[in-house]
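Each chain, letter by letter, is given below.
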Amino acid sequence: MIGLISATAAGAAARDRLAAAWPDRTRVYEGPVGEAVRAAFAECDRLVCFLATGAVVRLVAPLLGDKASDPGVVCVDEGGRFAVSLVGGHGGGANELARQVGELLGAEPVVTTATDAVGVPGLDTLGLPVEGDVAGVTRALLDGEPVALDAEVPWPLPPLPFAGQGAHTVRLTDRADPPAGGEVLLRPPSLVVGVGASRGAPADEVLDLVEGALRDAGLSPRSVAALATVDAKRDEPGIVAAAARLGVPVLTYPAEELAKVQVPNPSDAPLGAVGTPSVAEAAALARGGELLVPKRKSARADGHAAMATCAVVRRPVRGRLAVVGLGPGARDLLTPRATAELRRASVLVGLDQYVDQIRDLLRPGTRVLESGLGAEEERARTAVAEARRGQAVALIGSGDAGVYAMASPALAEASDDIDVIGVPGVTAALAAGAILGAPLGHDHVSISLSDLHTPWEVIERRVRAAAEADIVVTFYNPRSRGRDWQLPKALAILAGHREPATPVGVVRNASRPDESSRLTTLASLDPATVDMMTVVTVGNTATREIAGRMVTPRGYRWQAPSTGGSATGAEEGAR
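In this numbering scheme, every chain counts its residues from 1 along its sequence in written order. Only residues with pLDDT of 70 or above have their local features reported here, since the model is predicted, and side-chain atom pairs are shown and tallied only from 80 upward, although totals for entire chains, interfaces and linings are computed over all residues. Computation of side-chain values: all heavy atoms of the structure, hydrogens and water removed.

## Looking at the overall build of the chain
Operational definition: Under the DSSP-based scheme used, a helix requires at least four consecutive residues in state H or I and a strand at least two consecutive residues in state E, with every element numbered from the N terminus. Any residue under 20% of the maximum accessible area for its type is buried, any over 50% is exposed, and the rest in between are partly exposed; the area is computed with a 1.4 Å probe on protein chains only. The contact criterion used is simple: two residues touch if any of their non-hydrogen atoms lie within 4.5 Å. Surface exposure here means Shrake-Rupley accessible area, sampled with a 1.4 Å probe, where a residue is shielded only by the protein chains that are shown. We count Lys and Arg on the positive side and Asp and Glu on the negative side, and we leave His and both chain ends out. Throughout, a charge is located at the NZ atom of Lys, the CZ atom of Arg, the CG atom of Asp or the CD atom of Glu.
If you tally the helices and strands in the chain, you get 18 helices and 28 strands. Overall size of the chain, expressed as C-alpha extent along the three principal axes, is 95 × 70 × 50 Å. In the chain, buried positions account for 46% of the 575 residues. Relative to all contacts within the chain whose residues are 6 or more apart in sequence, the contacts with residues 24 or more apart total 64%. Per element, the accessible surface of the chain, about 26900 Å² overall, is 51% carbon and sulfur. The average position of the 57 basic charges and that of the 68 acidic charges among the side chains of the chain differ by 2 Å.

## Quick word on the confidence of the model for the chain
Operational definition: Scored from 0 to 100, pLDDT records how confident the predictor is in each individual residue.
The pLDDT averaged across the chain works out to 90; a share of 95% of its residues lies at or above 70. Low pLDDT, under 50, characterises residues 562–575; the predicted model gives this stretch 15 contacts beyond four residues in sequence or across chains.

## A closer look at the pairing of strand E17 (residues 347–351)
As a reminder, the rule being used: Whether two strands pair depends on DSSP finding at least two bridges between them. Whether a crossover is right-handed depends on one test, that the path from the first strand over the helix to the second runs clockwise when the strands point away from the viewer.
Counting buried positions along E17 yields five of five residues, so the element is predominantly enclosed. Both E17 and strand E18 (residues 367–371) contribute to a ladder of five bridges, which runs parallel. Its bridge partner being in E18, Leu351 is matched across the sheet by Ser371. Handedness of the crossover joining E17 and E18 through helix H13 (residues 352–358) is recorded here as right-handed. Bridge analysis of E17 against strand E19 (residues 392–397) gives three bridges, and the strand direction is parallel. Residue pairing for E19: Leu348 is matched across the bridge by Ala394.

## Structural notes on the environment of Leu47
If you trace the backbone, Leu47 turns up in strand E3 (residues 46–50). You can call Leu47 buried: its relative accessible area is 0%. A sequence separation of 20 residues divides Leu47 from Arg27, and the C-alpha atoms of the two residues are 9.5 Å apart. Leaving out residues up to four positions away in the same chain, Leu47 has contacts with Gly3, Ile5, Val37, Ala40, Phe41, Pro71, Gly72, Val73, Val74 and Leu97.

## Details of the sheet that holds strand E16 (residues 320–325)
Just so we agree on the cut-off: Between N-to-C directions, angles span 0 to 180 degrees; the directions come from axes that are lines fitted to C-alpha atoms, helices contributing only their stretch in contact.
Taken in spatial order, the five strands line up as E18-E17-E19-E16-E20 in an open sheet, and their pairing is parallel. In the strand order of this sheet, the two ends are held by E18 and strand E20 (419–423), each with one partner. For this sheet the average axis-to-axis angle between neighbouring strands, irrespective of direction, equals 15 degrees. Contacts between helix H12 (residues 336–344) and the sheet are confined to E16, E17, E19 and E20, with E16 contributing the most and set at about 140 degrees to the helix.

## Comments concerning helix H2 (residues 33–43)
Applicable threshold: Along the arc lie the directions from the helix axis toward the C-beta atoms.
All buried positions along H2 are accounted for by Gly34, Ala36, Val37, Ala40 and Phe41. Projected down its long axis, H2 carries its buried residues within an arc of 160 degrees, all on one side.

## Remarks on unusual backbone geometry
Phi at Asp470 takes a positive value of approximately 60 degrees, unusual for a residue other than glycine. Within the secondary structure layout, Asp470 lies in the loop between helix H17 (456–468) and strand E23 (472–476).

## Regarding the packing of aromatic side chains
Quick reminder of the rule: Pairing of aromatic side chains here covers Phe, Tyr and the six-membered ring of Trp, requires ring centres within 6.5 Å, and sorts the geometry by plane angle: under 30 degrees stacked, over 60 edge-to-face, intermediate tilted. The rule for a charge over a ring is simple: NZ of Lys or CZ of Arg within 6 Å of the ring centre, and within 35 degrees of the ring normal.
Following the criterion strictly, the structure yields two aromatic pairs and no others. Pairing Trp456 with Trp485 gives two aromatic rings, centres 5.0 Å apart and planes at 70 degrees, and the pair type is edge-to-face. Taken together, the positions of Trp456 in helix H17 and Trp485 in the loop between E23 and helix H18 (486–495) put the pair 29 residues apart, joining distant regions of the chain. Judged by its relative accessible area of 41%, Trp485 is partly exposed. Its guanidinium or amino end placed over the ring of Trp22, Arg25 lies 4.3 Å from that ring's centre, counting from NZ or CZ.

## Here we look at the pattern of salt bridges
Test applied: Just to be clear on terms, a salt bridge is a Lys or Arg side-chain nitrogen sitting within 4 Å of an Asp or Glu carboxyl oxygen.
Taken as a whole, this structure holds 29 salt bridges when the rule is applied. We note a salt bridge from Glu386 to Arg367, for which the minimum N-O separation is 2.7 Å. Here Arg367 lies in strand E18 and Glu386 lies in helix H14 (residues 376–388), a separation of 19 residues in the sequence. For Glu386, a relative accessible area of 10% corresponds to the buried category. In this structure Arg367 comes out as partly exposed when scored by relative accessible area, which is 34%. A salt bridge links Arg379 to Glu376, with the nearest nitrogen and oxygen atoms 3.6 Å apart. With Arg379 and Glu376 both in helix H14 and three residues apart, this pair spans about one turn of that helix. In this structure Glu376 comes out as partly exposed when scored by relative accessible area, which is 28%.

## Notes on the side chain of Ser346
The test is simple: Throughout this description, a polar contact denotes any pair of N or O atoms lying within 3.5 Å of each other; where both atoms belong to protein, one of them has to be capable of donating a hydrogen while the other can accept it, and for residues adjacent in sequence the pair is counted only when both atoms sit in side chains.
Within the secondary structure, Ser346 is located in the loop between H12 and E17. Residue classification places Ser346 among the buried positions, given a relative accessible area of 9%. A distance of 3.4 Å separates a polar side-chain atom of Ser346 from the backbone oxygen of Leu157. At 3.4 Å, the side chain of Ser346 forms a polar contact with the side chain of Gln391. For Ser346, the residues in contact, after removing those within four places along its chain, are Leu157, Pro158, Pro159, Gly365, Thr366, Arg367, Gln391 and Ala392.

## Observations concerning the sheet that holds E3
The strand order across the open sheet built from six strands is E2-E1-E3-E4-E5-E6, with neighbouring strands paired in mixed fashion. Strand pairing shows two members of the sheet lacking a second neighbour, strand E2 (26–28) and strand E6 (108–110), which therefore form its edges. Across the sheet, the mean angle separating the axes of adjacent strands is 25 degrees when strand polarity is ignored. Here strand E1 (residues 2–6) pairs with E2 via three bridges, running parallel. What sits directly across from Ile2, in E2, is Thr26. In the packing of helix H1 (residues 9–21) onto the sheet, the strands contacted are E1, E2 and E3, and the crossing angle to E1 comes to about 160 degrees. Relative to the sheet, H2 contacts E1, E2, E3 and strand E4 (72–76), its axis offset from that of E1 by approximately 175 degrees.

This is how it looks when you write it as structure tokens:
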């Protein structure tokens, strides 16, 4: 919850804008400012104070305890010009909150945290438990001193400017080693603990068993990702309570699925009780991995039979592949999500000319793997291979990466051993359509005229089907120096079903500095004026030119020009 505090009418107006925009995230604190700040500080995760920074400093200073638990505090000035991250920039989330508040109120976010200022992710912002000399190693990174990465357990990290070796080290490990001097330990969630339990097994017995198994194996409980068991035990109180105390979820699997998992220590007891010869080992190994601790039983001081078993597995690393659409070229048509993924990736794979478009957005330490035209399949294989090595990878393409771009070859190469995230982008057809007017107002289709990947016979059949169905057609890859006959052939097919005066829109380099566009007709278009940087949109029999714009009505009835030339029918909803 975000507490909102103000002292003046102007502050209250800005406060109320936040409250209206975030009704489920915010709570307004009225009354004397000092009392309001104290109450919000105790009750909320973050605060936005519409007060002078000096006043807020004096009010919160006596309340500060520990940076790991204090709420983040953001100040917004009386004029609403700045949103200042004052306290808890990383741990309290104030830096991100300042950016969000700034975006909503039109204020400039002010973030002074050193790592944010230079674009280096803070070691305490990576989403992993962290131990050791965080301040010293961070200072070394900021000062350009060599900091080595020792990845005992590979894990997808954002880019950091690591060196091969150095006096400081960041170690990715699930081992329960104490950090050495000049060292930071990052604890990846790499361990899964399989648990079996008799009905009524005490939570203390389950927890003691799990912690003892980890301790004896030299493993850190901070790297436990989940407790895993059979479906029949999903509500077993002892297992649920032990997971809650460890702060991890409980994963469950059907008995028939666990029965298929090969384990070193099967038993008849669980087979008769829940339908599988193994619970602890099979549940831990259900998604693969390395068995670090074979099945072991709990020990009871009262001499009674053990009521719990556990096994520990280091699960396979899952790399991360983000397939990112960059849009048609203009920076303001690159989506915020795409920007975030570019900054999150430690490895960027892409066509050299697309890499040049966004190189300035990459964080220090990003490894760039670029290649030229014609190497699409190689780039897809490279991106997937890097993700399988446990890297955080961004594979970029123009427009939308799923439209005539890199998503399909990458996903054809990938299997279910990596996480794949699709990031949509503004397509060339949409960018061109916005420039031309509204040519895609009704049913439309995009067809690539390049026969490098698709036989011309297939392309021709699709063009003919679109012509016969009276669908607006956008042609991608319409013409190159080596392919100069496909566009005239496609236009001739359309001309067999549409009038010569059918509007045709031609847009080159949509949204880029040298953008050009023109509106012509099916009979007048000269294919020689079209190249690979051009998108050609051919209207259907209802498409019209109105005030120099290309418009396809949403309905099948077209009102008379005296009514404004609008399409009939009510709005059907967002698309």
